[in-house]
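Structural overview for review
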Amino acid sequence: MNLPGQPAKQGPRSLDPHLRRYAARTAGMTASEIRALFAVASRPEVVSLAGGMPHLAALPLDSLSAEVGQLIAEDGLVALQYGSAQGIPELREQICEVMALEGVDAHPDDVVVTVGSQMGLDMVTRIFCDPGDVVLAEGPSYVGALGSFSAYQAQVVHVGMDADGLVPENLREAIAAVERTGRRIKFLYTIPNFHNPAGVTLAVARRAEVLEICRRHGILVVEDNPYGLLGFDGVTYPALRSTDPDNVVYLGSFSKTFAAGLRVGWVLAPHAVREKLVLAAESATLCPPTLNQMVVSRYLATHDWKGQIKTYREAYRERRDAAVSALEQHMPRGSTWNKPHGGFYVWVTVPEGVDTKAMLPRAITQRVAYASGTGFYADGLGSRQLRISYCYPTPERIREGVRRLANVIKDEMELHETFGPTGPGRAVQGPQNPSPDTA
């Protein structure tokens, strides 16, 4: 009871005065575990094996800087102006030439340039998914994709993989299980080449079978392929889109093969879908940055970009070898991992009793960072798994980071033997041994 002249007592106050105003879908918007790592992982004393940042030191920065200056001097009135929501025509034509390396026969009119492929993924989810719809995705799956699906209130059903990528029989079983519940499956999201985070590649013999299963059940396929040209043995796999252009939406990016900071990606979609994507792009950004597109276009026109990709391959292969050899030398018995044949990542399973999410703060204390496997599952699984990114550090730093990580894992094993499990002991799913090249 308040005395006369005293202000009325107020109830508990929220730290966010706008809490009740948010749309219901914001309840599913949470920061990814990997983004939360960046603040500490960027400290110079920490060896970061967490983020998938490209090795930009391999770029010819001197000639690129001259090209950008010349571009603004000659075409600045265009480069610094608004442009089309679909992207500049020259770049869309060049994108078709890039995809042709993977057997894709595309027309520039069906390409939509995006601000990174993440924008393309967000737009595809926005135009196809209603709340409660189901998206099939490999387990584990790309954390940025899981964030987009959650933001649009789609439900993710994981499909198991093995050393040869997504398992067709697992796909059939997942579809049947969802159909029994009466829910709608809108699309299969897949990273067929040098998977993030699992590092595996969908076997060529399986690709047609996966496409046939999806077509038979009326399920769209969303193919995310940022790493397809980064195979260490020089092999370029046929894109899913090359086999089934009418039922595959292809996501591409220059972030891994040129420069991530320019944020230039694209979507190749069936013609009718393209129209919806352009409308979605207009509402999201009005138009992608013209200057960035023109920088990429000029780079493709004036530089040996295929030779640059070869340089990237060699740099990443050297780093892959450093990571795998360090794992072989330092990791405790009971650990397994794959030897990826391209891309950025090694997928590691740690010994029984070690929880990689619970262990992460102690690893940071020992000045090494990694990505816990739980961040790559929509259902919180993967507690015995972790992702090592070998793309950014030098080989020497990679070896030192793996040595530190192995020591942390050994300490966790000692704690487990003394006190019991260090984490909640969630079940392990996904490719614990995603390649024959295991230790």
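Residues numbered from 1 in each chain as written. Predicted model: local features only at pLDDT ≥ 70, side-chain atom pairs only at ≥ 80, totals over all residues. Heavy atoms only, no water.

1. Some words on helix α2 (residues 61–79)
The criterion, for reference: Per the convention used, a helix needs a DSSP run of H or I reaching at least four residues, while a strand needs a run of E reaching at least two, with both numbered from the N terminus. In this analysis, the expected span of each helix is defined as 1.5 Å times one less than the number of residues it contains. Bending is quantified residue by residue as the angle between axes fitted to the seven-residue window ending at that residue and the seven-residue window starting at it. Partly exposed residues are those whose accessible area sits between 20% and 50% of the maximum for their type, while under 20% is buried and over 50% is exposed, using a 1.4 Å probe and protein chains only. A contact between two residues is defined here by any heavy atoms of the two lying within 4.5 Å.
With 19 residues, α2 extends just 20 Å between its outermost C-alpha atoms, more than 12% less than the 27 Å of an ideal straight helix rising 1.5 Å per residue. Taken as a whole, α2 carries its principal kink of about 65° at A73. For α2, the complete set of buried residues consists of L64, E67, L71, G76 and A79. Packed against the buried residues of α2 are α10 (290–302).

2. Description of the pattern of salt bridges
Basically, it comes down to this: One side-chain nitrogen of Lys or Arg within 4 Å of one carboxyl oxygen of Asp or Glu is enough to make a salt bridge.
Tallied over the entire structure, the rule returns 20 salt bridges. As a salt-bridge pair, E45 and R43 come within 2.8 Å of each other at their nearest N and O atoms. Taking relative accessible area as the criterion, E45 reaches 34% and is therefore assigned partly exposed. Taking relative accessible area as the criterion, R43 reaches 33% and is therefore assigned partly exposed. Residue R298 is joined to E74 by a salt bridge in which the shortest nitrogen-to-oxygen separation is 3.4 Å. Placement of R298 in helix α10 and of E74 in helix α2 is noted, with a sequence separation of 224 residues between them. Among the residues examined, R298 registers a relative accessible area of 18% and is labelled buried. Under the relative-accessibility criterion, E74 is labelled partly exposed at 47%. Salt bridges here are not isolated pairs; linked through shared partners, they connect E67, E74, D75 and R298.

3. Things to note about the packing of aromatic side chains
Applied cut-off: In summary, the pairing rule links any two rings of Phe, Tyr or Trp, Trp by its six-membered ring, whose centres are within 6.5 Å, and it sorts them by plane angle into stacked for under 30 degrees, edge-to-face for over 60 and tilted for everything else.
Tallied over the entire structure, the rule returns 13 aromatic pairs. Centroid distance F232 to Y390: 6.5 Å. Interplanar angle 55°. Geometry classified as tilted. Here the residue F232 occupies a position in the loop between β7 (220–224) and α8 (240–243), and Y390 occupies one in the loop between β14 (385–389) and α13 (395–419), the gap between them amounting to 158 residues. We note that F232, like Y390, is buried. Relative to F376, the ring of W347 has its centre 5.8 Å away and its plane inclined at 85°; by these criteria the two rings are edge-to-face. You can see W347 sitting in strand β11 (residues 345–349) and its partner F376 sitting in the loop between β13 (371–372) and β14, a full 29 residues away along the chain.

4. With respect to the confidence of the model for the protein chain
Basically, it comes down to this: For every residue, the predictor states its confidence as a pLDDT score lying anywhere from 0 to 100.
Per-residue pLDDT for the protein chain has a mean of 91; in total, 90% of the residues score no lower than 70. Across residues 424–439, where pLDDT falls below 50, the model places 49 contacts with residues more than four positions away in sequence or in other chains.

5. Some points on α10
For α10, spanning 13 residues, the distance from its first C-alpha to its last is 18 Å, which sits close to the expected 18 Å at 1.5 Å a residue. Within the sequence span of α10, burial applies to T290, N292, Q293, M294, V295, V296, S297, R298, Y299 and L300. Where α10 is buried, its residues contact α2, α3 (89–100), β2 (111–114) and α11 (305–330).

6. A short note on the pairing of strand β6 (residues 185–190)
Successive residues of a regular strand alternate their side chains across the two faces of the sheet. Heads up, the condition is: Whether two strands pair depends on DSSP finding at least two bridges between them.
The buried count for β6 comes to six of six residues, which makes it a mostly enclosed element. In terms of strand pairing, strand β3 (residues 134–139) meets β6 through four bridges, oriented parallel. When the bridges of β6 are listed, V135 appears paired with F187. Pairing geometry for β6 and β7, over four bridges, is parallel.

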